[in-house]
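Structure at a glance
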Amino acid sequence: MSAANSWNPELYEARHSFVWQLGEGAIDLLDPKRGEKILDLGCGPGQLTQKIAERGADVTGLDASPEMIGQARQNYPKLRFVLEDAARMQFDGEFDAVFSNAALHWMLDALAVARAVARALRHNGRLVAELGGRGNIAQIEHAIATVAARYHGVAAPKNRTFYPSVGEYASLLESCGLEVRMAQLFDRPTLLQGSEGMKNWIRQFKWYYYDSLAGERADEALRETVDLLRPSLFRDGEWYADYRRLRIVAVKV
Ligand code: BEZ
């Protein structure tokens with residue numbers, strides 16, 4: 001999660017539990033072992049940090065959002081959570097693994113983050129990560145940009161996410177001394193709960209495109225965005241987000 005975003009943990013936990021439910025596959029890929037020291041990068045409210053702990057690892061959750069870290073500490077008081085920007089963390093060789101689910105795409109200084117991850121890992125330690133990959137939410141972004149251009153003119157706020165291709169991210173990790181052992185880019189259309197699913201998703205994650213508009217105009221712009229998306233992302237009475245995932249495993253050599 002990024003310090004640049006203001007998070008609403010209640011809405012996030014109530015409506016977007018799929019983030020950590022779908023992230024459990026990435027934990028299987030991590031395959032945490034009893035006693036391993038693991039850093040959960042961008043841990044959010046801590047659900048996956050807890051899953052890693054349940055497998056016997058000694059896990060630390062880290063997030064740049066005070067709201068998320070506050071929620072994580074409340075949810076799992078026995079676990080260790082650190083409020084820190086991943087690009088600035090100073091861990092040095094102490095982790096067997098760094099894990100990250102649905103968080104690295106918020107961290108725009110990807111090179112600084114990769115360097116910090118490489119430094120945090122011991123020799124032969126592994127990074128196991130899942131993030132939005134190239135083409136992630138392309139249809140949603142296009143609809144938002146179309147409506148934002150209409151409402152804001154040319155000065156629509158900038159995109160605040162990073163969705164790399166396999167080649168781009170693998171090269172970046174390699175430049176930091178991480179050897180890429182597995183990389184996979186795949187579509188994961190993701191069910192959004194309820195008839196207001198797309199509206200709620202945009203309110204949670206993309207509201208910065210709308211919040212400088214006066215109240216009624218923001219609601220109108222949101223409605224127009226949802227209407228633009230209906231033909232492609234509303235199917236059989238359900239909303240889907242056009243997620244694409246990049247899964248990557250890399251080892252510090
Ligand atoms: C994602 O997990 O891909 C994502 C979540 C929220 C906003 C944008 C992307």
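Presented here is an overview of the structure given in this document. (Residues numbered from 1 in each chain as written. Predicted model: local features only at pLDDT ≥ 70, side-chain atom pairs only at ≥ 80, totals over all residues. Heavy atoms only, no water.)

1. Quick word on the nonpolar core
What counts here: Throughout this description, the term nonpolar core refers to a set of buried Ala, Val, Leu, Ile, Met, Phe, Trp, Tyr and Cys residues connected via side-chain atoms within 4.5 Å. Each residue is assigned to one of three classes by its accessible area relative to the maximum for its type, calculated with a 1.4 Å probe on protein chains only: buried under 20%, partly exposed between the two thresholds, exposed over 50%. Only DSSP runs of H or I covering at least 4 residues are called helices, and only runs of E covering at least 2 are called strands; the numbering of each starts at the N terminus. Any two residues whose heavy atoms approach within 4.5 Å at even a single point are treated as in contact.
Core analysis: the biggest nonpolar cluster contains 32 residues, and L41, M89, V117 and Y169 have the highest contact counts within it. Sorting the residues of this core by element identifies β1 (37-41), β4 (95-101), α5 (110-120), β5 (121-132), α7 (166-174) and β8 (238-252) as the ones contributing at least two each. No other element matches α5, which puts seven residues into this core. Not counting residues within four places of it along the chain, the set of residues in contact with Y169 comprises L104, L131, F162, P164, L246 and I248. Among the nonpolar cores identified, the runner-up in size contains 27 residues, and I140, M198, W201 and A241 belong to it.

2. What to know about α5
Summarising burial for α5: eight of the eleven residues are buried, a large majority. Of the residues making up α5, those classed as buried are A110, A112, V113, A114, A116, V117, A118 and A120. Of the surrounding elements, those touching the buried residues of α5 are β1, β4, β5, α7, β6 (178-192) and β8.

3. Some thoughts on the site of the ligand
We count it as follows: Whether a residue is near a molecule or strand is decided by its heavy atoms; if any one of them lies within 4 Å of it, the residue is near. A 3.5 Å cut-off defines polar contacts: any pair of N or O atoms within that distance qualifies, except that in protein one atom must be a possible hydrogen donor and the other a possible acceptor, and neighbouring residues in sequence count only when both atoms are side-chain atoms. With residues, only the protein chains shown are counted as cover, and all accessible areas are computed by Shrake-Rupley using a 1.4 Å probe. In this classification, the charged set is Asp, Glu, Lys and Arg, the nonpolar set is Ala, Val, Leu, Ile, Met, Phe, Trp, Tyr, Cys and Pro, and all remaining amino acids, among them Gly, are polar.
Every residue lining the ligand is accounted for by H105, W106, N136, I137, Y163, W201, F205, Y243 and R245. Between the ligand and H105, the relevant distance is 3.4 Å, taken from an oxygen atom to a side-chain nitrogen or oxygen of the residue. The separation between an oxygen atom of the ligand and a polar side-chain atom of R245 is 2.6 Å. The protein chains hide 97% of the 260 Å² of surface that the ligand would expose on its own. Listed by contribution, the elements that provide at least two residues to the shell around the ligand are α8 (197-205) and β8. Looking at the shell around the ligand residue by residue, the class counts come to six nonpolar, two polar and one charged.

4. Brief notes about the side chain of K206
Structurally, the position occupied by K206 is in the loop between α8 and α9 (215-233). A polar side-chain atom of K206 sits 3.0 Å from a polar atom in the side chain of E141.

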